Amino acid sequence: MNFDTISVIGLGYIGLPTAAVIASRRKKVIGVDVNPHAVETINRGDIHIVEPELDIVVHAAVKEGYLRATTSPEPADAFLIAVPTPFKAENGNDHVPDLSYIEAASKAIAPVLKKGALVILESTSPVGATEQMAAWLAEARPDLTFPQAHGEESDIRIAHCPERVLPGHVVRELVENDRVIGGMTAKCSAAATALYQIFVEGECITTTARTAEMAKLTENSFRDVNIAFANELSIICDKLDINVWELIRLANRHPRVNILQPGPGVGGHCIAVDPWFIVSETPDEARLIRTAREVNDGKPQWVIDKVNEAVGKFLSANPDKTAKDVTIACFGLAFKPDIDDLRESPALKIVEQLAISHPGRLLAVEPNTERLPISLKEKATLVILDEALSKADVILMLVDHKGFKAVPSSQLGNKLLVDTRGVW
Ligand code: SAJ
């Protein structure tokens, strides 16, 4: 199959790196995004998101003329859809996936689809979303045939190929990782494989669209369950006066044990979200997956209770003082180390909660940001590491950024510590 022009719909954390990497293989790529600011930034050769190495790849792709961004779709040989799949807002705690971005993207590309085109859904999606996307496309283009009705003979080929790259390592993992390719028919899988082989050095493994959807949800749920196990162990060990990090290190010496690390909770827009896509479709069966989500979502409150305990201890040792006199320094706001991304960050949630409940001074150190989010303005002060170390009575370690790990425990003096990452 020939792909002279490839269009990527959604130029965010996945779509933009994918578009740029394909363009770096000297293919003409048209990136489409509803956000005019993103489009303008990219067309200048700049980027609107933070991801190592991405600026260089985008800059080169735009300057050499292989990547161009626009707000309205244009005809192409293949379309890759990489738009968000959040929860439906009106459903409160039901965590029902919201496919409206996929629906909008399908309806936007439908008018420019031509016979022989390939449409790939990359967005992490609940099982059945690819079939739903095919139905929206077919409804909008009754003059074309689609795999759900015409099988291998269809005019349009459709596949799901979930993205699996780790934020912070996207440019490398896009090329190196294996890809799971779920075509609606064997020909759809073959076409999608040909497309990914333009830039993927890993293996392209084919399956059905539904299995590919479930594979992605399974990968992130597996990690969530494993972290929930570690978080539960950390709470048990705290009660039993055992160092959980030493415990996990020892248990992981067994050749068939590999426990992840406990922390202040699970954040980001993937692992804290995707397992709910399984739970919302099969609520009675997905018992372990639901419990893992609840264990991880409950960890921030446990951390807040530990901070309150530490403040209590400080006050017992300093009877002339009240909680108003206690300074708490929070180390890190991002959802994981060495990034600037605050989305769904348990660290941020904890600091926001302390900002409401703690009557004394609250300091925050976050080396990857220049200003505090609005939710913390006037309630906390952004300081540099040294200032936090010198002024704090209670230190709360939330994110194991490189700079924090370099602080020796000897520098902490006799300050009270709540170390959710086992750094010290
Ligand atoms: N975390 C722990 N303990 C650990 C590892 C992580 O508490 O041992 C926490 C992190 O601090 C963070 C959260 O989990 O708050 C998630 O971080 P992460 O690094 O595990 O994962 P993400 O969300 O950045 O990326 C994941 C990856 N999925 C898997 O590793 C199975 C990535 O490959 C996916 O592409 C991405 O989700 C996605 O987009 O779905």
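Remember, predicted model here, so these are calculated numbers, not experimental data.

1. Some details on the pairing of strand 4 (residues 78–81)
Here strand 4 shows a buried face lined by Ala-78 and Leu-80 and a second buried face lined by Phe-79 and Ile-81. The pairing of strand 1 (residues 5–9) with strand 4 spans four bridges and is parallel. Note that in strand 4 the partner of Ile-9 across the bridge is Ile-81. Pairing analysis gives four bridges linking strand 4 to strand 5 (residues 118–121), with the strands arranged parallel. Counted as the bridge partner of Phe-79 is Val-119 from strand 5.

2. Overview of the environment of Val-112
With respect to the secondary-structure elements, Val-112 resides in the loop between helix 4 (100–109) and strand 5. Val-112 sits in the buried class, given a relative accessible area of 18%. The spatial distance from the C-alpha of Val-112 to the C-alpha of Glu-74 is 6.0 Å, given a sequence separation of 38 residues.

3. As for the site of the ligand
Neighbouring the ligand are 20 residues, the closest being Glu-163, Val-165, Lys-216, Arg-223 and Phe-335. Look at the ligand: alone it shows 770 Å² of surface, and the protein chains cover 89% of it. No fewer than three residues from each of domain 1 (5–210) and domain 2 (243–419) sit in the shell around the ligand.

4. Details of a nonpolar patch on the surface
Taken together, the side chains of Ile-236, Leu-240, Ile-242 and Leu-247 present a nonpolar region at the surface, about 330 Å² in accessible area. Secondary-structure assignment places Ile-242 in the loop between helix 9 (209–240) and helix 10 (244–251).

5. Observations concerning the packing of helix 4 against helix 5 (residues 129–140)
Helix 5 packs onto helix 4 with a crossing angle of 35 degrees between their chain directions and a minimal axis gap of 9 Å. The interaxial crossing formed by helix 4 with helix 5 has right-handed handedness. Residue-level contacts link Ile-102, Glu-103, Ser-106, Lys-107 and Ile-109 of helix 4 to Met-133, Trp-136 and Leu-137 of helix 5.

6. Structural notes on the sheet that holds strand 11 (residues 381–382)
As summarised here, the arrangement of the five strands in space is 11-10-9-12-13, forming an open sheet in which the pairing is parallel. The two strands at the open ends of the sheet, each matched to only one other strand, are strand 11 and strand 13 (416–419). Bridge analysis of strand 9 (residues 328–331) against strand 12 (residues 394–397) gives four bridges, and the strand direction is parallel. From the neighbouring strand, Ala-329 faces strand 12, where its bridge partner is Ile-395. The strands touched by helix 12 (residues 287–317) are strand 9, strand 12 and strand 13; relative to strand 13, the strand with the most contacts, the crossing angle is about 170 degrees.

7. Observations concerning the sheet that holds strand 7 (residues 179–183)
One open sheet holds the eight strands; their spatial order is 3-2-1-4-5-6-7-8, and the pairing between them is mixed. Each end of this open sheet is capped by a strand with a single partner; those strands are strand 3 (67–70) and strand 8 (204–208). Here the average twist between neighbouring strands, direction ignored, is 25 degrees. Bridging between strand 5 and strand 6 (residues 157–160) involves four bridges; their strand directions are parallel. Within the sheet, the bridge partner assigned to Ile-120 lies in strand 6 and is Ala-159.

About the thresholds
Residues numbered from 1 in each chain as written. Predicted model: local features only at pLDDT ≥ 70, side-chain atom pairs only at ≥ 80, totals over all residues. Heavy atoms only, no water. Buried < 20%, exposed > 50% of the residue type's maximum accessible area, 1.4 Å probe, protein only. Helix = DSSP H or I, 4+ residues; strand = E, 2+ residues; numbered from the N terminus. Pairing = 2+ DSSP bridges. Near = heavy atom within 4 Å. Areas by Shrake-Rupley, 256 points an atom, 1.4 Å probe, with all protein chains shown as cover. Domains from an automatic or database assignment. Patch = residues over 30% accessible without salt bridge, like charges linked within 9 Å, V, L, I, M, F, W, Y side chains within 5 Å. Salt bridge = Lys/Arg side-chain N within 4 Å of Asp/Glu carboxyl O. Axes fitted to C-alpha atoms, helices over the stretch in contact; angles between N-to-C directions. Left-handed = near helix turned anticlockwise from the far one by under 90°. Contact = heavy atoms within 4.5 Å.

This is a description of form; function is not addressed.
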